[in-house]
Structure formats: structure tokens, C-alpha cells
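What follows is each chain in one-letter form.
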Amino acid sequence: MAHQSEELIIEALDVHKSFGDLEILKGISLQVRRGEVVVLIGASGSGKTTFIRCINLLEDIQSGRIRVNGQPMGYRERADGRLVRDSERNIARQRRDIGMVFQRFNLFAHMTALENIIEAPIHVLGVSREAALIQGRELLARVGLADKAAHYPSMLSGGQQQRVAIARALAMKPKAMLFDEPTSALDPETVGEVLQVMKELAEDGMTMVVVTHEMGFAREVADRVVVLDQGELIEQGPPEQIFSRPTHPRTQAFLSRVL
Ligand SMILES: Nc1ncnc2c1ncn2[C@@H]1O[C@H](COP(=O)(O)OP(=O)(O)OP(=O)(O)O)[C@@H](O)[C@H]1O
Ligand SMILES: [Mg+2]
């Protein structure tokens, strides 16, 4: 959106990923600038989930480079330029820079909405309970759930749980947020409230990579739409270009199925 800068927050360079003998990502390169909203689309099995899991080091890659905020993810570059795998401790620290929101919310069932949000800031970042509670309430208000602090996940709708999951990710003050089909497990009537929260996040300048089938959201909020097909990035551009004048025949075929 309007807040984009030239600073690269996420850089993937020629990322290859295989499961066994099967090459799932065949050399993906993507750069995301600070404040940019990138929507990833593509057919089922094209590698969208795998790619964003690689960004966050939830998957090992076979070759290529991933940098977040200028730092190589998972590897240290030695003085001679060789890559060595980083310590788990450093990897865990790097992961904190990236908030992830999945299709399934994975909230702690035995904790209230507010407790879910303050857990990691207190135990991972070492924030005081008082400060975490203040921030947690602010975040709940930001996602429109100020009155649900004491509710357990089972007392919340799917859309409300997903908004708590977004607030929980934001509590770690991430440099970027990755979303993997955040609304596809929701009842249709709660999809809009989650997309609205994501739109506001984008307007506030958050750097976001969003896998979604919500083409309305992509059109309205994305700065750039990226199309994956069979493990390759086949096309990218502003939403109006991708949706109105796609150049790759496989983009056209995909869009004709989903639009
Ligand atoms: N852990 C795994 N082991 C083996 N194969 C896997 C694994 N995870 C994903 N795959 C395969 O990798 C390919 C890409 O899967 P991925 O989940 O990234 O696709 P996707 O684009 O997210 O699809 P969808 O739109 O259905 O979510 C698929 O063929 C899938 O079967
Ligand atoms: Mg997926």
C-alpha cells in the first residue's frame, strides 16, 4: 500500500524444495518490500503452503537463499562465503520476526483469548505480565474483540478465533506476517470480519504475504499478485493486470476456474 519502502523484508532466491524424489518448488524467487502486501495464488498442490513454510524455516530447503530483514534464514554466512546451518536458538529468534496465521487457528483451548495473546510475549520475549496484558488488550481491541478477553476459544466463532490468532501473532511484533488461507475454514458469514482485520493491518503498513482464494481481497488489498504453478512462479504483477490481462496461459486457465 502507500507505506511501501525500498527496504526488502523477505527475499527468496532460487528456492528449491523436494519431498523425497519429488521436487515441489523448482526455483522460486520472490522479494517483498517493507509494507508490501503480496497475495499468492495458484492451483491446489502448486506449492503455496510449502513456499511460505520455507520462508519461516518450517521446512528445510535443498538449495537457494532466504533472507528476512536482511538476515539469511537458518544459515550463517562464514567469512569465506560458505553457508553453515545456524543454531536452533538463532533460528528460533529469527522465526519470531515472522508472524504466521494458518487455516486452523491452533489457539490454546485451555486459555482465554487474552491469555493466548500474552503467553509468548511473557515466556519468549520476557515481557512483564503487566505490559503484556496492556498490549494484549490493545490488540484485542484492534481486531474488534475488546469484549472477548475472558472468552475461551470454544466460546468464540471461527472468525473470532482467527482474529485472536492474528492478535496473538501481532503480539510478537513481527516484521512480516504470513497467512495461509486464513479464511478457508470459516463459515461464510465470518470470512468478512477476518478479511477486514487483514485489510486494516495492510493499511497500517504491515508487510504481508497472503495465500488466499479470496480474489476480492486480492484485488482490493494486494500490491502484487504472484501466481504459482507446479512449483514455479509463472507470473506476477498488480492485481488489475493479473486479473484482467494475465499473460501466462496457465494463469488464464486457473483464473477461469476460480473467478
Ligand atoms: N510433508 C510433505 N511430504 C510430501 N509431500 C508433500 C508434503 N507437503 C506437501 N507435499 C506435496 O507438495 C505439493 C505442494 O503442496 P502444497 O501444500 O504446498 O500446495 P498448495 O499450493 O498449498 O495447495 P492447496 O491450495 O491445496 O493448499 C503437493 O503435491 C503436496 O502433495
Ligand atoms: Mg496450501
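Residues numbered from 1 in each chain as written. Chains lettered and ligands numbered in written order. Predicted model: local features only at pLDDT ≥ 70, side-chain atom pairs only at ≥ 80, totals over all residues. Heavy atoms only, no water.

In the nomenclature of an unreviewed UniProt entry, the protein corresponds to Polar amino acid transport system ATP-binding protein from the organism Pseudomonas abietaniphila. We quote the UniProt Sequence similarities (unreviewed entry) comment for the protein here in full: "Belongs to the ABC transporter superfamily." Its UniProt record gives the protein a comment under Subcellular location (unreviewed entry), which states: "Cell inner membrane". (UniProt positions renumbered as here; feature names shortened; annotations may be inferred.)

Novice: Outline helix H3 (residues 113-123), listing residues and values.
Specialist: Buried residues of H3: Ala 113, Leu 114, Asn 116, Ile 117, Ile 118, Pro 121 and Ile 122, and no others. Tucked into the core, H3 has its buried residues touching helix H4 (129-142) and helix H5 (158-170). (Buried < 20%, exposed > 50% of the residue type's maximum accessible area, 1.4 Å probe, protein only. Helix = DSSP H or I, 4+ residues; strand = E, 2+ residues; numbered from the N terminus. Contact = heavy atoms within 4.5 Å.)

Novice: Outline the pattern of salt bridges, listing residues and values.
Specialist: All chains considered together, the criterion is met by 14 salt bridges. For Glu 193, the salt bridge goes to Arg 163, with nearest N and O atoms at 3.0 Å. On the criterion of sequence distance, the pair formed by Glu 193 in helix H6 (residues 188-203) and Arg 163 in helix H5 is long-range, its members being 30 residues apart. For Glu 193, a relative accessible area of 25% corresponds to the partly exposed category. Each of Lys 17, Arg 53 and Glu 59 takes part in salt bridges that share partners, so that together they form one network. (Salt bridge = Lys/Arg side-chain N within 4 Å of Asp/Glu carboxyl O.)

Novice: Break down the sheet that holds strand E1 (residues 8-19) for me, citing the residues and quoting the values.
Specialist: Read across the open sheet, the four strands follow the order E2-E1-E4-E5; overall the sheet is antiparallel. In this open sheet, the two edge strands, each paired with only one partner strand, are strand E2 (22-33) and strand E5 (71-72). With five bridges connecting them, E1 and strand E4 (residues 63-68) associate as antiparallel partners. Considered in E4, the bridge of Ile 10 is made with Val 68. In this fold helix H1 (residues 48-55) packs onto E1, E2 and E4, with an angle of close to 60° to the strand it touches most, E2. (Pairing = 2+ DSSP bridges. Axes fitted to C-alpha atoms, helices over the stretch in contact; angles between N-to-C directions.)

Novice: Tell me about helix H9 (residues 249-258), and name the residues and values.
Specialist: The complete set of buried residues in H9 reads Thr 251, Phe 254 and Leu 255. Here the buried residues of H9 occupy an arc of 95° about the axis, which is enough to place them on one side. Structural note: H9 exposes Pro 249, Ser 256 and Arg 257 on the side pointing more than 90 degrees away from its buried face. (Arc of directions from axis to C-beta.)

Novice: Tell me what's going on with the pairing of E1, and back it up with residues and numbers.
Specialist: Two strands pair when backbone bridges link them, and E1 and E2 are joined in this way by nine bridges, in the antiparallel orientation. Bridging from a neighbouring strand, Phe 19 pairs with Leu 22 of E2. The turn joining E1 and E2, which pair antiparallel and follow one another in sequence, is formed by two residues; a positive phi near 60° is taken by Gly 20.

Novice: Provide a residue-level description of the site of ligand 1, including the pertinent values.
Specialist: Taken together, the neighbourhood of ligand 1 is formed by Phe 19, Ile 24, Ala 43, Ser 44, Gly 45, Ser 46, Gly 47, Lys 48, Thr 49, Thr 50 and Glu 181. In this structure, an oxygen atom belonging to ligand 1 sits 2.6 Å away from a side-chain N or O atom of Ser 44. Between ligand 1 and the protein, one listed contact pairs an oxygen atom with a side-chain N or O atom of Thr 50 at 2.6 Å. Here ligand 1 loses 58% of its free accessible area of 630 Å² to cover by the protein chains. No other element matches H1, which puts three residues into the shell around ligand 1. Classifying every residue of the shell around ligand 1 by side-chain character gives three nonpolar, six polar and two charged. (Near = heavy atom within 4 Å. Polar contact = N/O pair within 3.5 Å; in protein donor to acceptor, adjacent residues only side chain to side chain. Areas by Shrake-Rupley, 256 points an atom, 1.4 Å probe, with all protein chains shown as cover. Nonpolar A, V, L, I, M, F, W, Y, C, P; charged D, E, K, R; others polar.)

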